[in-house]
There are 2 protein chains.
Amino acid sequence: MNRYAVIMAGGRGERFWPKSRSDRPKQFLTLAGNRSLLQQSVDRIKKMFNDDHIYIVLGRHHLKLAQEQLPELPSENFIVEPAGRNTAPCIGLAAVHIQKRDPDAGMLVFPADHLIKGDKKFLECLDKGFSWASRDDALVTIGIVPTRPETGYGYIERDAETKDQNPSVFSVKRFIEKPDLPRAEKFYGDNRYYWNSGIFIWRVPVILQRMEEEMPALYEGLQRIEAAIGTDGQATVLEEVFPHLPAISIDYGIMEKSPRILMVEGNFGWDDLGSWGALAEIADADENGMAVHGHFVGFDNENCYIQSEGSLIAAVGLQNLVIVQDGDVILVCPRHRTQDVKELVRLLKEDQREEYL
Amino acid sequence: MNRYAVIMAGGRGERFWPKSRSDRPKQFLTLAGNRSLLQQSVDRIKKMFNDDHIYIVLGRHHLKLAQEQLPELPSENFIVEPAGRNTAPCIGLAAVHIQKRDPDAGMLVFPADHLIKGDKKFLECLDKGFSWASRDDALVTIGIVPTRPETGYGYIERDAETKDQNPSVFSVKRFIEKPDLPRAEKFYGDNRYYWNSGIFIWRVPVILQRMEEEMPALYEGLQRIEAAIGTDGQATVLEEVFPHLPAISIDYGIMEKSPRILMVEGNFGWDDLGSWGALAEIADADENGMAVHGHFVGFDNENCYIQSEGSLIAAVGLQNLVIVQDGDVILVCPRHRTQDVKELVRLLKEDQREEYL
């Protein structure tokens, strides 16, 4: 069974506005380190996958940017979604492309915009996942050992017993939506609960069979798309069919309904970097908790995350703020309110102030 | 006795950085209304003074800007200080210019960068001041009836009794430096205490005589400058003499030492607008205390003063902040810390980051 990786890079990443704009979502940004999150995602798996076994699924508007960032990948490995239809159609589209090329492929899929520390542990995890996906025809997910009572992530509850005495592989008992704080604290204190990373591994025939069983409309559409791959009608059929596929997540459409899901325990550093506040948490800060990128002058400031693209940020007496300047926009917001950046973006859309989006 | 007005426009106004920069200090800015503070100062007194009786004292670098803002004033009424030497030399320089033209002139002098509301009351006050300056050869100052226990201003204590039964004219008992809050509260609760406005009225021969008595080095320098006015050597002598005059304020050099000072009570609205925080106090705000000038998007904000020259300020969940964007600088600071903007400017000077000054 050959191994293929699919990186989902179709997100809009509005919570990183104003740095992320419609023409440059989060996964294409250099938020940490000096490579974009997408580039880091590819770099991370190169020890396990040849370049031509790595696929990127993304929106048409970002194709040029992605190809510039990843010149080493063959152009046919960039799969364009004509519309954003959530993760089940995205994964299905990648699956039929890979199946056309290699009918018994193993497939890893994960989002481009997560931060992962500890590449070696990550790859070991993936390797274990591929083994079990091949051995048991299982759908495999990676469960992250929680490091805090996070309310921003979904959780996985595993069975009490390990799978066949393998210490880091379990059957999944259930998937759990984002909890409130008391429940998150309960999960954090109980070793049967893990963060749902959105990283999945399976054999391509297995995931397509599950789609046929659970999401027949999706499956039927994917069959039409697959039949057209390599023909003159490929683009036309994709444009016709894909935008009408059911916009459902793989978690909701398949994973939560499947009896035979395995979870490989992951204890590498993982963060979905869902907001400026999350980024502030992992940023290198000085002894006053100040993490500053860009031109700055100030004193008596504590626990602020400041990022300037070109302007000078001048600050006195601030605490627990995020300040981000990008182009003609300046965001100022307490660290614990950065989830509300999405609402700012919504207000700008509502007012048709497209120049800022 | 003819009446002349002298407006001191030599200040640097660093506390309004980044809006005020070295080439454009506070008095030349449109901080409130749609005319600069200097223009407003001139507009305000036009009912009492002919244009050619209004003098502006200022630094060389700002002459062009001032003449552009005040095209109606004769060019010879702009008096350039070769260096900033505090208010006593500034006032002395204007006094000798006026004396050369009109040996028995009455002279009003006040800073260009104060905000005054209630022009009619202001002019009535000045009229009364000129009358007493002429009648008693007194040095007259305007004392402002305090409207809050302000610690940012100097105070004047007046005699208990009015002068000759005139209800708003008193002898000055003493000048008081900026007080701490308990003293400011005491002054605020006692009708013998007034804010020291820095607005003075006197006969030119009287102030020059007081300078001769109390500040002989200053007086001697002024004599040399006066002798050269209208000659070929005027500029050379000014350049030679002025930068070495004692850099002392008129309050310290003359007023605090003079026995015969009268105070006219002023109860027009007055503010020296010493900081962004002071400007925020007088700015029109909405029901949440938000005063916003420029492009903005936000919600859940309270009591913030926001001024943007061109950028979009995006804010969520902020309280009691001042945010000012001007060119490539963004200032973010709690309202009660805006006095510290001077320190930011000092740090930038120290680091020779001239591009921001």
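Here is a short report on the structure shown in this document. (Residues numbered from 1 in each chain as written. Chains lettered and ligands numbered in written order. Predicted model: local features only at pLDDT ≥ 70, side-chain atom pairs only at ≥ 80, totals over all residues. Heavy atoms only, no water.)

**A closer look at the pattern of salt bridges**
Within the structure shown, the criterion is met by 60 salt bridges over all chains. Taking the shortest distance from any N to any O, the salt bridge between Glu157(A) and Lys173(A) comes out at 3.7 Å. You can see Glu157(A) sitting in strand E7 (residues 155–163) and its partner Lys173(A) sitting in strand E8 (residues 166–176), a full 16 residues away along the chain. We classify Glu157(A) as buried; its relative accessible area is 5%. In this structure Lys173(A) comes out as exposed when scored by relative accessible area, which is 53%. In this structure, the salt-bridge partner of Arg192(B) is Asp190(B), at a minimum N-O distance of 2.8 Å. Taken together, the shared-partner salt bridges connect Arg21(A), Arg24(A), Asp326(A) and Asp328(A) into one network. (Salt bridge = Lys/Arg side-chain N within 4 Å of Asp/Glu carboxyl O. Helix = DSSP H or I, 4+ residues; strand = E, 2+ residues; numbered from the N terminus. Buried < 20%, exposed > 50% of the residue type's maximum accessible area, 1.4 Å probe, protein only.)

**Notes on the interface of chain A and chain B**
Taken together, the contact pairs 33 residues of chain A with 33 residues of chain B. Buried area between chain A and chain B, summed over both chains or domains, comes out near 2,700 Å², and the portion from carbon and sulfur atoms is 67%. Asp300(B) serves as the salt-bridge partner of Arg337(A), at 2.7 Å between the closest nitrogen and oxygen. Counting the contacts that link chain A with chain B gives 14 residue pairs in polar contact (both at pLDDT 80 or more). With six residues, the top contributor of residues to the side of chain A that touches chain B is strand E17 (residues 329–334) of chain A. Class assignment for the residues of the side of chain A that touches chain B results in 22 nonpolar, five polar and six charged. (Contact = heavy atoms within 4.5 Å. Buried area = accessible area lost by both parts, 1.4 Å probe. Polar contact = N/O pair within 3.5 Å; in protein donor to acceptor, adjacent residues only side chain to side chain. Nonpolar A, V, L, I, M, F, W, Y, C, P; charged D, E, K, R; others polar.)

**Concerning the relation of the copies chain A and chain B**
For the match of chain A to chain B, the screw axis carries a shift of 0.1 Å, the RMSD comes to 0.1 Å, and the turn is 180°. Taken together, the rotation and translation describe the operation of a two-fold axis. A symmetric contact is evident, with 100% of the interface residues of chain A recurring at the interface of chain B. (Least-squares fit on C-alpha atoms with pLDDT ≥ 70 in both.)

**Comments concerning helix H3 (residues 87–101) of chain A**
The end-to-end C-alpha distance of H3(A), which contains 15 residues, comes to 21 Å, matching closely the 21 Å that a straight helix rising 1.5 Å per residue would cover. Among the residues of H3(A), Ala88(A), Pro89(A), Cys90(A), Ile91(A), Gly92(A), Leu93(A), Ala94(A), Ala95(A), Val96(A), His97(A), Ile98(A) and Gln99(A) are the ones counted as buried. (Expected span 1.5 Å × (residues − 1).)

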